[in-house]
Amino acid sequence: ATSRDLGFAVSGNWESPSHGSFSLDATVFQSSSNLPGQEDASGGTATLWQRNLHMRDGWRANNGVGVLNSPVPVILRDQYRFFLPSASLLGASTEWLGNQNGLQLQAAAGQAGVLNGRRVPGFDAGDGQLIAAGVQRALSAEWSGALSVLQATDIDPDSSLVGPEDANSVMAGTAWQGRFSRLQLNALSSDEGLGIWADAHTRRGRYTHNYGAFHLDPSLSWGGLAVNSDASGGYYRLGYDHARWMWNAGIDHIQSVTGDSFEGQYASAFARYQASGTLGY
């Protein structure tokens, strides 16, 4: 039994004096195999980006076309305990950044699909559409807020693609940033239910504390993509980082909302000691 992958990838970047920077990433591949469960395939991807385009009144724009991922505002994307999956699409995306109040505007639309390929990435286009939009803004010196929407429509439920299903989802978050601590509150609403969670972070000297609580309804999703669901509880993490020592430990307490999934405590720990400039344990 043998398999063979032939692939070609090209990328380039051009900095222009008045239209920002342009980048192109493209791949093409062909795979053949007589292994059980594997079929011959061919495909590829192509993405063209224009970034850091300066506009009037201090606005900057980032625009993309080709195979892209659905955009999410920064404070909703950079999550500590939970995260939103990114939906792949063949279409266009735009992002506008203002120089006042940390304003961030995002939008994307295109044909839904999934990334494929064994060694060289490709894209399998489905028959449905994805529409995404988001906004983020600083509300004060300490507070900021964000809202994001992802809609998947006309997805074939009998398709072999493992991707989004027909669904509408909305997520909102607000974050408070102090001198030593940060708190973020999140709410995710989908056709299947509601999820709410809070994440906090405190830095005291060499120690970092991460802690929070969550309640996630069963079958919760983000635009038809699976996320953590059917769970409620809380967590705590303690980390230490100084000189040669770095360690952390944490514990989660989880209860099933329906009583049909995992319940109990989950603990983990990690430690590293840098014995010398070239050896660590």
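Residues numbered from 1 in each chain as written. Predicted model: local features only at pLDDT ≥ 70, side-chain atom pairs only at ≥ 80, totals over all residues. Heavy atoms only, no water.

### Quick look at the overall build of the chain
In terms of regular secondary structure, the chain is built from 1 helix and 17 strands. Projecting the C-alpha coordinates of the chain onto the three principal axes gives extents of approximately 55 × 50 × 50 Å. Look at the contacts in the chain between residues 6 or more apart in sequence, and 46% of them connect residues 24 or more apart. Counting only carbon and sulfur atoms, one obtains 55% of the accessible surface of the chain, whose full area is about 15900 Å². Computed over 17 positive and 25 negative side-chain charges, the inter-centroid distance for the chain is 19 Å. (Helix = DSSP H or I, 4+ residues; strand = E, 2+ residues; numbered from the N terminus. Contact = heavy atoms within 4.5 Å. Areas by Shrake-Rupley, 256 points an atom, 1.4 Å probe, with all protein chains shown as cover. Lys, Arg positive; Asp, Glu negative; His and termini not counted. Charge placed at Lys NZ, Arg CZ, Asp CG, Glu CD.)

### What to know about the confidence of the model for the chain
Low pLDDT marks regions whose predicted coordinates should not be analysed in detail. For the chain, the average pLDDT comes to 92, and 97% of its residues sit at 70 or higher. Ranking the elements of the chain by mean pLDDT puts strand β14 (residues 225–226) last with 88 and strand β12 (residues 207–216) first with 98. (pLDDT = per-residue confidence, 0-100.)

### What about a nonpolar patch on the surface?
A grouping of Met 55, Trp 96, Leu 105, Val 135, Leu 147, Val 149 and Val 170 is seen on the molecular surface, where their side chains present a nonpolar patch of about 490 Å² in accessible area. If you trace the backbone, Met 55 turns up in the loop between β3 (41–54) and β4 (60–69). Of the residues examined, Met 55 reaches a relative accessible area of 36% and is grouped as partly exposed. (Patch = residues over 30% accessible without salt bridge, like charges linked within 9 Å, V, L, I, M, F, W, Y side chains within 5 Å. Salt bridge = Lys/Arg side-chain N within 4 Å of Asp/Glu carboxyl O. Buried < 20%, exposed > 50% of the residue type's maximum accessible area, 1.4 Å probe, protein only.)

### A look at the environment of Gly 110
The topology assignment puts Gly 110 in strand β6 (residues 104–116). Residues Gly 110 and Val 67 lie 43 residues apart in sequence; the distance between their C-alpha atoms is 9.1 Å. Once residues lying within four places of it in the same chain are set aside, the contact partners of Gly 110 are Leu 89, Leu 90, Gly 91, Gly 128, Gln 129 and Leu 130.

### Some remarks on the pattern of salt bridges
Going through the model one piece at a time under the given rule, you end up with 2 salt bridges. Here Arg 237 and Asp 252 are joined by a salt bridge, their closest N and O atoms 2.5 Å apart. Pair noted here: Arg 237 is in strand β15 (residues 231–242) and Asp 252 is in strand β16 (residues 245–255), with a separation of 15 residues, a long-range link. By relative accessible area, Asp 252 is classed as buried at 2%.

### Description of the side chain of Arg 237
A residue is classified by how much of its surface remains accessible, and Arg 237, at 17% relative accessible area, is buried. When near neighbours in sequence (up to four residues on either side) are disregarded, Arg 237 contacts Tyr 80, Arg 81, Thr 208, His 209, Asn 210, Ala 249, Gly 250, Ile 251 and Asp 252.

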